[in-house]
Every structure is written in structure tokens, then in C-alpha cells.
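A look at the structure
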Amino acid sequence: MTDTGTDPVTGTDPVTGTDPATDADPATDAAPRPLTVGGYAALAKDRLPAATWHYFQGGAGTESTVRANRAAYRQVRLRPRVLADVSRCDLSTTVLGDPIGAPLGVAPMAYHQLACADGEVATVRAAGGSGLRVPTIVSIFASRTFEDLAAEATGPLWLQLYWLHRRDVLRTVVRRAEAAGFRALVLTVDTPRLGRRLREVRHGFHLPPGIAARNLDGEVTGFLHDRQDGSSALARHADAFIDPSLSWSDLDWLREQTRLPLVLKGVLTAEDAARAAGLGIDGIVVSNHGGRQLDGSVATLDALPEVVAAVGGRCPVFLDGGIRHGTDVLKALALGARAVFVGRPVLWGLAADGEAGAREVLTLLRDELEDAMALAGRPSLAALGPELLARGPAAAAPNESYEDPDLRKGP
Ligand SMILES: Cc1cc2nc3c(=O)[nH]c(=O)nc-3n(C[C@H](O)[C@H](O)[C@H](O)COP(=O)(O)O)c2cc1C
Ligand SMILES: CCCCCCC(=O)C(=O)O
């Protein structure tokens, strides 16, 4: 215990159970800005309806892959170098030809209006602000129109696609995004059907009235949790729109619809990465959908080295899944990721404080990354490589307050 009586590991006051990083200052009664990404999770959990919180947090099945994504970071330790002149650290880089302020971006997530009224408009403003200028991958199930987003974005916008049964709708969506100035297409390839997300069923998740997929022009509206048969309303909804027959030969059709670069999201193996690179794909996102699809699939940090090796520099490799600290970003970059994408933490920021909250989450990750680069003696992104890392026993008990206790217990 410290002099203040605060537990040095958890940061929690053992008497009141409050966390000085997230809880109100009794002197001013104003909630101080959280000091960690996890602090935003705590605020979001308080502010969101339970069904929405569980939709955001949930993974598939036993949620073993959700946990594996985090555990993988704890198993890798850093080997700092010293006397490296870190008076200036440069985080700027480029992605698919566009300059960005930090090697970060927002992963595609459906329906940001579940988190705050401005929805994806708040997200793209946040991603463009505070010198970040980082990309947002906009879900095809976004709750705001591409045109609204393009009017507000100062960072690059990429459009995420699911392979819809209705190819005519897919073509229209691609053309609209292209006309609005989107810079890339990201085809999600890990979702021929939705994973078994038990929390959605348990909590009866459905879209509240007024929230819909605004770019699908009435093709996809709300859906109700209208059965008590143990099935997921969202999964049934997905089955109605997503075509599970997607295969390698379909990529040609998509290529013919657009001149935009095409990125595949959801690749986890050297075999698929090599095939994609051989076909001239413009980028790969190593992703297991935040543990929401195949329960038991490999952690993304663990899959990254084999994908990077198989691609052999033919296209950039990105990663998402479990990024919660600047040191997580550093580890992924050291293993060859060009940039990383952040999922749930952005929703936590939006739920906590709209655009400002999302911006604070992204800024916190950027600032933590800069600290980590300086302290590791690597002032530039070009100086990052696998020699920065050592594999060892997992770090001691995690101090990660963002982890919902329910998530540790499993469904
Ligand atoms: C609420 C929610 C909605 C999501 N919606 C989509 C989506 O529409 N399309 C997609 O490709 N991935 C979607 N994902 C997966 C994310 O893009 C990303 O792979 C994952 O969240 C990264 O893990 P993290 O949340 O641990 O950062 C969603 C994830 C969440 C949590
Ligand atoms: C028909 C709606 C499907 C939305 C799926 C969003 C998603 O990918 C997620 O993980 O949730």
C-alpha cells in the first residue's frame, strides 16, 4: 500500500473501492479524465444499457480468443536500448499512400450510434483531430451516411464490406463511397456467418428504434429480439444479408467495381496471406474480429509474424485485436505491422463522452506509444524490429480494469 492507502497494483482505494483514475474527485465532484484506456471502459459500462455493453464486449463461445488477444501482449517483454537520443520521437507514417500522424486507426464497427448520438460522425472527427489524422474504417453497417462522414473527416476513410447476397447493393455502396472520397475498401473475410455470441442472446440485444444501416438504403433496417429460442437476433439478421459463398474467385468481381486499393481483413495464417499477396491484394489486416468469430482461434499478435513472413513485403500488414496500451502498439509494430486498428476502446470513448471521449482514447494510445518509443530507445518507427522483443513467462497478474469481470468468468 502507498501512503494514500491506494493499492499500488490496481490503483483502487481498498476502503471505498474507488479508482482515482476514473472516479469523481470529491473536492470538485467532477469526474477526472481517465488516465488509461481501461478507465473509459468503466465509464462506458456505467452509461450504456446492459444489452449494448454486452454486444460491444462480447466474444464468441467461451471468449477464449478475446482473452488470448490480451494474453499474447503480456507474454512479450521489451528489450530497451539506452543512450539513443530520444529528444524527438517521430510517429508519423503513411498508409496506402496517405500520410497519418500515428500508426493507429479505428477498426470497423457497426452502428456507432449505439454508443453516442452523433455515431460515426463523432468517430471520424475524433480520428482526424489533435494532430492524429488517422484512418477510420467505416463499417458497411454504419449508422451515419458516407456523405455525412466525408464532410467531417480529416483523416482517411476506408470502407469495410461484407460480401452481401445482393451484389447490386454492394456495387452501389462501393460507388457511393468512392464518390464521397473514401480511400480504400476493406473486405472482411472472417464472417461467412456470425460467431456464437452468447451474451447477445442472454441480454436480448437488438437495435433500438432510429438506429439503422444508413448506407444500405432501406435494405437493412432494425431487427428485433423477437424469439426466445436461444438464437441471436443479430446472427439471424446477418444471415439474411451476408453471403457465405465468398471465395477467392469473387475478389476479381470486386476489383472490377473500383480503382480503390483492396484490403482483406480477417487473415490469420501464412497460407492465406501468401495467396492474398500473390493475387496483388493491397493490404492485409491480421484480425480475429476481436474474438467475436471463431472461438479458439489464434491471438492476432501470435499470428502476425507468420503473416508478415508470408507476405514478404508485397503489401502492408495491419493488425487489430486487444490493443489497449501504447506498448501493445509498439509490440505489434516491432513484429512487422505497419499500423494497428483499435476496436472496442473507441466505442468506450464514444459512450463516455462522444467525440471528445473517442479522441482522448486515441490520443492516449498515441501518447503512450510515444513514451514507450522514447523509453525503449527507439525514436522512429523505422527503428522498430523483432530484436526489441523477448518472449518470456506472462507478466504477473494483469492490472486491466477495462476487462469486464463477466469476461473473465466466461459466459
Ligand atoms: C461492437 C463491434 C462491432 C463490430 N462490427 C464490425 C463490422 O461491422 N465489421 C467488421 O469487419 N468488424 C467488426 N468488428 C470487429 C472489429 O473491426 C475488430 O476486428 C475488433 O473489434 C478488434 O478488436 P478489439 O475490439 O479488441 O480492439 C466489430 C467489433 C465490435 C466490438
Ligand atoms: C447484419 C448486421 C451484422 C453486423 C455485424 C457487426 C459485426 O461484425 C460484429 O462483430 O458485431
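The protein chain appears in an unreviewed UniProt entry as Alpha-hydroxy acid oxidase from Streptomyces bugieae. Note on the protein chain: under the UniProt heading Cofactor (unreviewed entry), the record states "FMN".

1. A word on the pattern of salt bridges
One pass over the full model with this rule turns up 15 salt bridges. Between Glu147 and Arg176 there is a salt bridge; the shortest N-O distance is 2.9 Å. One end of the pair, Glu147, is in helix α5 (residues 146-152); the other, Arg176, is in helix α6 (residues 167-180), and 29 residues separate them in sequence. Between Glu355 and Arg359 there is a salt bridge; the shortest N-O distance is 2.4 Å. A residue pair is termed a helical-turn pair when its members lie 3 or 4 positions apart in one helix, as Glu355 and Arg359 do in helix α13 (residues 344-375) at four residues. Among the residues examined, Arg359 registers a relative accessible area of 21% and is labelled partly exposed. One network of salt bridges, in which partners are shared, links Arg125, Glu152, Glu355 and Arg359.

2. Looking at α6
Across its 14 residues, α6 extends 20 Å between first and last C-alpha, which sits within 8% of the 20 Å expected from 1.5 Å per residue. Among the residues of α6, Val169, Leu170, Val173, Val174, Arg176 and Ala177 are the ones counted as buried. An end-on view of α6 places all buried positions within 165 degrees of arc, on one side of the element. Contacts made by the buried residues of α6 are with α5, β6 (157-161), β7 (184-188) and α9 (251-256). One or two positions beyond α6, positive phi appears at Gly181, with a value near 100 degrees.

3. Overview of the environment of Leu362
Along the chain, Leu362 falls in helix α13. Considered as a pair, Leu362 and Gly129 are 233 residues apart in the sequence and their alpha carbons are 9.7 Å apart. In this structure, Leu362 is in contact with Leu104, Val106, Ala126, Ala127, Leu132 and Val346, ignoring residues within four places of it in sequence.

4. Digging into the packing of aromatic side chains
What the rule picks out here adds up to nine aromatic pairs. Centroid distance Trp158 to Phe318: 5.7 Å. Interplanar angle 65 degrees. Geometry classified as edge-to-face. Of this pair, Trp158 sits in strand β6 while Phe318 sits in strand β10 (residues 317-320), placing them 160 residues apart in sequence. According to the relative accessible area criterion, Trp158 is buried, its value standing at 1%. Cluster of aromatic residues (ring-pair linked, three or more members): Tyr55, Phe56 and Phe205. The ring centre of Tyr55 lies 4.9 Å from the NZ or CZ of Arg292, which sits over that ring.

5. What about the site of ligand 1?
The environment of ligand 1 is formed by 22 residues, the closest being Pro108, Ser139, Thr188, Asp320 and Arg324. Within the side chain of Ser139, one N or O atom sits 2.8 Å away from an oxygen atom of ligand 1. Contacts to ligand 1 include Gly322, whose backbone N or O atom sits 2.9 Å from an oxygen atom. Within the complex, 99% of the 600 Å² of free accessible area of ligand 1 lies under protein. Among the secondary structure elements, those contributing two or more residues to the shell around ligand 1 are α2 (50-57) and α13. A per-class count over the shell around ligand 1 returns eight nonpolar, nine polar and five charged.

6. Details of unusual backbone geometry
Even without a glycine there, the phi angle at Leu83 is positive, about 55 degrees. Mapped onto the elements of the fold, Leu83 is located in the loop between β1 (76-78) and β2 (93-95). Positioned with a positive phi, Asp85 is a non-glycine residue whose angle comes to about 45 degrees. The exposure class of Asp85 is exposed, given its relative accessible area of 56%.

7. Section: the site of ligand 2
Every residue lining ligand 2 is accounted for by Tyr55, Ala110, Phe141, Tyr162, Arg197, Leu234, His237, Ala238, His289 and Arg292. In the complex, the protein chains occlude 95% of the 340 Å² of accessible area that ligand 2 would expose alone. No other element matches the three residues that helix α8 (residues 233-241) contributes to the shell around ligand 2. Tallied by class, residues from the shell around ligand 2 come to six nonpolar, two polar and two charged.

8. Side note on the pairing of β7
When you tally the buried positions in β7, you get five out of five residues, the bulk of the element. Of the two faces of β7, the one lined by Ala184, Val186 and Thr188 and the one lined by Leu185 and Leu187 are each fully buried. Bridge analysis of β6 against β7 gives four bridges, and the strand direction is parallel. For Gln160, the partnering residue across the bridge sits in β7 and is Val186. Tracing the backbone out of β6, into α6 and back to the parallel element β7 gives a crossover that is right-handed. Judged from the four bridges that link them, β7 and strand β8 (residues 262-267) form a sheet pairing that is parallel. Paired with Leu187 across the strands is Leu264, a residue of β8.

Procedures and definitions
- Residues numbered from 1 in each chain as written.
- Chains lettered and ligands numbered in written order.
- Predicted model: local features only at pLDDT ≥ 70, side-chain atom pairs only at ≥ 80, totals over all residues.
- Heavy atoms only, no water.
- UniProt positions renumbered as here; feature names shortened; annotations may be inferred.
- Salt bridge = Lys/Arg side-chain N within 4 Å of Asp/Glu carboxyl O.
- Helix = DSSP H or I, 4+ residues; strand = E, 2+ residues; numbered from the N terminus.
- Buried < 20%, exposed > 50% of the residue type's maximum accessible area, 1.4 Å probe, protein only.
- Expected span 1.5 Å × (residues − 1).
- Arc of directions from axis to C-beta.
- Contact = heavy atoms within 4.5 Å.
- Phe/Tyr/Trp six-rings, centres within 6.5 Å; stacked < 30°, edge-to-face > 60°.
- Lys NZ or Arg CZ within 6 Å of the ring centre and 35° of its normal.
- Near = heavy atom within 4 Å.
- Polar contact = N/O pair within 3.5 Å; in protein donor to acceptor, adjacent residues only side chain to side chain.
- Areas by Shrake-Rupley, 256 points an atom, 1.4 Å probe, with all protein chains shown as cover.
- Nonpolar A, V, L, I, M, F, W, Y, C, P; charged D, E, K, R; others polar.
- Pairing = 2+ DSSP bridges.
- Right-handed = clockwise from strand over helix to strand, strands pointing away.

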